[in-house]
Amino acid sequence: MEYKRSIIITGGAGFIGSHVVRLFVNKYPDYRIINLDCLTYAGNLANLKDIEDKPNYRFAKLDICDFEGVLALMKEEKVDGIIHLAAESHVDRSIKDPFTFARTNVMGTLSMLQAAKVYWDTLPEKYEGKRFYHISTDEVYGALEVTDPSGVEPPFTTKASSGKHHLAYGKKFFTEDLGYRPHSPYSAAKASSDHFVRAYHDTYGLPTVVTNCSNNYGPYQFPEKLIPLFINNIRHRKPLPVYGKGENVRDWLYVEDHARAIDLIFHEGKTAETYNIGGFNEWKNIDLIKVLINTVDDLLGRSEGEDMGLITFVTDRAGHDLRYAIDSTKLQKELGWEPSLQFEEGIRRTVKWYLDNQDWLDNVTSGDYQKYYEKMYSNR
Ligand code: NAD
Ligand code: DAU
């Protein structure tokens, strides 16, 4: 079959990538979708069981740092679009092992950019109809202050922000024109990769677009991240290691809303632009954790608040950013995107998914990962 488009999605076996692959494979049967992933500890093909037999889907086990391999795949599949999500994504791991983050996030992105440039340069139409879409994070902007500890109504309205919990903890937000001030090795590596992407546009004219998104939550997230880790611990009545006093603020977005934004921006975003994507949904960690406890207890038929005693305050994360808050007004105004899901509904759906999919959790928390995890947290 002659496909209308041929798109590589890197990191498609990971958390967000698997949602993006699923959306594209199902929504665009006339697109060839190639999931390029080397399957690190965070990559799991079980995330894509429901679409793995679709005729327009291919999995390619490949490291993004393997420039020759990536170039050969692009030529073989006549690739005209790249959605680049593959990365090392966990801040705590970056503090222990920064080199891996520089290799994957910086050198891997450079390898993807150069392969796209070299391949597209050989074509008569060159960059026409092509797109290199780089997925980045709000963490590159650094941290915001908490100036309103009790939370205030944010200065924007969206469907999702009309719910009662959607507060802002300060009057400043991350906007696209802010300078970069990354603090962790993870965000420093992501910032560096963003700079390379923009440099490939400014220097060679590569048709790039970059988005910076806030914290995602939903099914298939690796249980080293706050929400799936804590849901699993609450279920098994294990301690919940809250860093510092739990006062840090994150802006949460349901992962399928991020995937929808990626679809929209891939097709309609302007070349060389940056778009921020956020949930208009700030939560202090400690408040969010209480919601998780109540939701798990409710769904398991336990009495309300029964597991609050699991909260255990531990040594803070080094360089822990206090507050992230995205202003995604530009995306809302220019392309009409906004989060579709109320947080209460998204969190309930998410908790239910993890409770219903204990096998998936057991599978990824066994073996080598478990050993790594124990070593990582043994000093608390
Ligand atoms: P994840 O850790 O769940 O998945 C990363 C995927 O990349 C895995 O499948 C892994 O196998 C693959 N990968 C890693 N190194 C690779 C390499 N060298 N070659 C090929 N594949 C490799 O990550 P995620 O949370 O889904 O994040 C995806 C992207 O979105 C990242 O770029 C991250 O920076 C960005 N992001 C994440 C969030 C979030 O809240 N999770 C928010 C904003 C932006
Ligand atoms: O903002 C976007 C970023 O969100 C992404 O770029 C990252 O890839 C993603 O991992 C996420 O980073 P965070 O560091 O914000 O996510 P994490 O789930 O690790 O932590 C969320 C908050 O919870 C943070 O303030 C640290 C705190 N925390 C986390 C863990 C794992 C705890 O208090 N205890 C924990 O055990």
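First, a word on scope: everything that follows refers to the structure included in this document. (Residues numbered from 1 in each chain as written. Chains lettered and ligands numbered in written order. Predicted model: local features only at pLDDT ≥ 70, side-chain atom pairs only at ≥ 80, totals over all residues. Heavy atoms only, no water.)

## A short note on the overall build of the protein
What counts is decided by this rule: Put simply, DSSP H or I for four residues or longer makes a helix, DSSP E for two residues or longer makes a strand, and each gets a number counted from the N terminus. For this measure, only C-alpha atoms enter the radius of gyration; the expected value for a globule follows 2.2 Å times N^0.38, where N is the number of residues. Relative accessibility thresholds used throughout: buried, under 20% of the residue-type maximum; exposed, over 50%; partly exposed, between the two (1.4 Å probe, protein chains only). Accessibility throughout is a Shrake-Rupley quantity obtained with a 1.4 Å probe, and a residue counts as covered only by protein chains that appear here. Neither His nor the chain termini are counted; the positive set is Lys and Arg, and the negative set is Asp and Glu. Charged groups are reduced to one reference atom each: NZ for lysine, CZ for arginine, CG for aspartic acid, CD for glutamic acid.
For the protein, the count of helices and strands is 12 helices and 12 strands. Its C-alpha atoms give the protein a radius of gyration of 20 Å, near enough to 21 Å, the size a compact globule of 380 residues would have. The dimensions of the protein, computed from C-alpha atoms along their principal axes, are 65 × 45 × 35 Å. Counting over 380 residues, the protein shows a buried share of 58%. Total accessible area on the protein is roughly 15900 Å²; 52% of this is exposed by carbon and sulfur atoms. Side chains of the protein carry 46 positive and 54 negative charges; the gap between the two charge centres is 1 Å.

## Comments concerning the site of ligand 1
Note the threshold: Here a residue counts as near a molecule or strand whenever at least one of its heavy atoms sits within 4 Å of it. We call two N or O atoms a polar contact when they sit within 3.5 Å, provided that within protein one can donate a hydrogen and the other can accept it, with sequence-adjacent residues counted only if both atoms are side-chain atoms.
Taken together, 28 residues lie around ligand 1, and Ile-16, Asp-37, Ser-89, Tyr-186 and Lys-190 are the ones closest in. Within the side chain of Asp-37, one N or O atom sits 2.5 Å away from an oxygen atom of ligand 1. A distance of 2.6 Å separates an oxygen atom of ligand 1 from a polar atom in the side chain of Tyr-186. For ligand 1, the protein covers 96% of the area, taking 840 Å² as the surface of the free molecule. When residues of the shell around ligand 1 are traced back to their parent elements, those giving at least two are α1 (15-27), β5 (131-137), α5 (185-204) and β7 (215-217). It is β5 that contributes the most residues to the shell around ligand 1, three residues altogether.

## Let's talk about unusual backbone geometry
One non-glycine residue, Tyr-220, adopts positive backbone phi at about 70 degrees. With respect to the secondary-structure elements, Tyr-220 resides in the loop between β7 and α6 (226-235). By relative accessible area, which is 17% here, Tyr-220 ends up buried. Even without being glycine, Phe-280 reaches a positive phi, approximately 50 degrees. Considering the arrangement of structural elements, one finds Phe-280 in the loop between β10 (274-277) and β11 (282-284). Judged by its relative accessible area of 3%, Phe-280 is buried.

## Details of the site of ligand 2
For clarity, the cut-off: Under the convention adopted here, Pro, Cys and the residues Ala, Val, Leu, Ile, Met, Phe, Trp and Tyr are nonpolar, Asp, Glu, Lys and Arg are charged, and Gly plus all remaining residues are polar.
Taken together, 24 residues form the shell around ligand 2, and within it Thr-137, Asp-138, Tyr-186, Arg-317 and His-320 come nearest. Contact distances for ligand 2 include 2.7 Å between an oxygen atom and a backbone N or O atom of Ser-89. Contact between ligand 2 and His-320: an oxygen atom at 2.7 Å from a side-chain N or O atom of the residue. Considering ligand 2 on its own, with 680 Å² of exposed area, one finds that the protein chains cover 95% of that surface. Sorting the residues of the shell around ligand 2 by element identifies α6 and β8 (240-243) as the ones contributing at least two each. Class assignment of the residues belonging to the shell around ligand 2 gives a composition of 10 nonpolar, eight polar and six charged.

## Quick look at the packing of α6 against helix α8 (residues 285-299)
Our working definition: For helices, the axis comes from a line fit to the C-alpha atoms of the stretch in contact; other axes are also lines fit to C-alpha atoms, and the angle between any two N-to-C directions lies between 0 and 180 degrees. If an angle is under 35 degrees, it is roughly parallel; if it is over 145, roughly antiparallel; if it lies from 65 to 115, roughly perpendicular; otherwise it is oblique. Two helices that cross are described as forming a left-handed crossing if the nearer one is turned anticlockwise from the farther one by less than a right angle, and a right-handed crossing if clockwise. The contact definition used throughout considers only heavy atoms, calling two residues in contact when any of these lie within 4.5 Å.
Direction vectors running N to C along α6 and α8 enclose 45 degrees, while the axes themselves pass 10 Å from each other. By the angle class used here, α6 and α8 are oblique. Along this stretch, α6 crosses α8, giving a crossing that reads as right-handed. Where α6 approaches α8, its residues Leu-226, Ile-227, Phe-230, Ile-231, Ile-234 and Arg-235 are matched on the opposing element by Asn-285, Leu-288, Ile-289, Leu-292, Ile-293, Val-296 and Asp-297. Residue classes in the contact of α6 with α8 are distributed as 10 nonpolar, one polar and two charged.

## Examining the side chain of Asn-215
If you trace the backbone, Asn-215 turns up in strand β7. Residue class for Asn-215 comes out buried when judged on its relative accessible area of 18%. Those residues in contact with Asn-215 that lie beyond four places of it in its chain are Asp-138, Arg-250, Asp-251, Trp-252, Leu-253 and Tyr-324.

## Some details on the nonpolar core
This is how the line gets drawn: The nonpolar core is taken to be a set of buried Ala, Val, Leu, Ile, Met, Phe, Trp, Tyr and Cys residues, with the residues joined through side-chain atoms within 4.5 Å.
Judged by nonpolar contacts, the single largest core of 33 residues is most densely connected at Ile-9, Phe-24, Ile-83, Tyr-133, Ile-265 and Ile-277. Of all the secondary-structure elements, those providing two or more residues to this core are β1 (5-10), α1, β2 (31-37), β5, β6 (208-213), α7 (255-268), β10 and α9 (329-335). Setting aside residues no more than four positions away along its own chain, Ile-83 makes contact with Ile-7, Ile-8, Ile-9, Thr-10, Phe-24, Tyr-133, Ile-135, Ile-262 and Phe-266. Core analysis: the second largest hydrophobic core is formed by 31 residues, Tyr-217, Ile-231, Leu-310 and Trp-360 among them.

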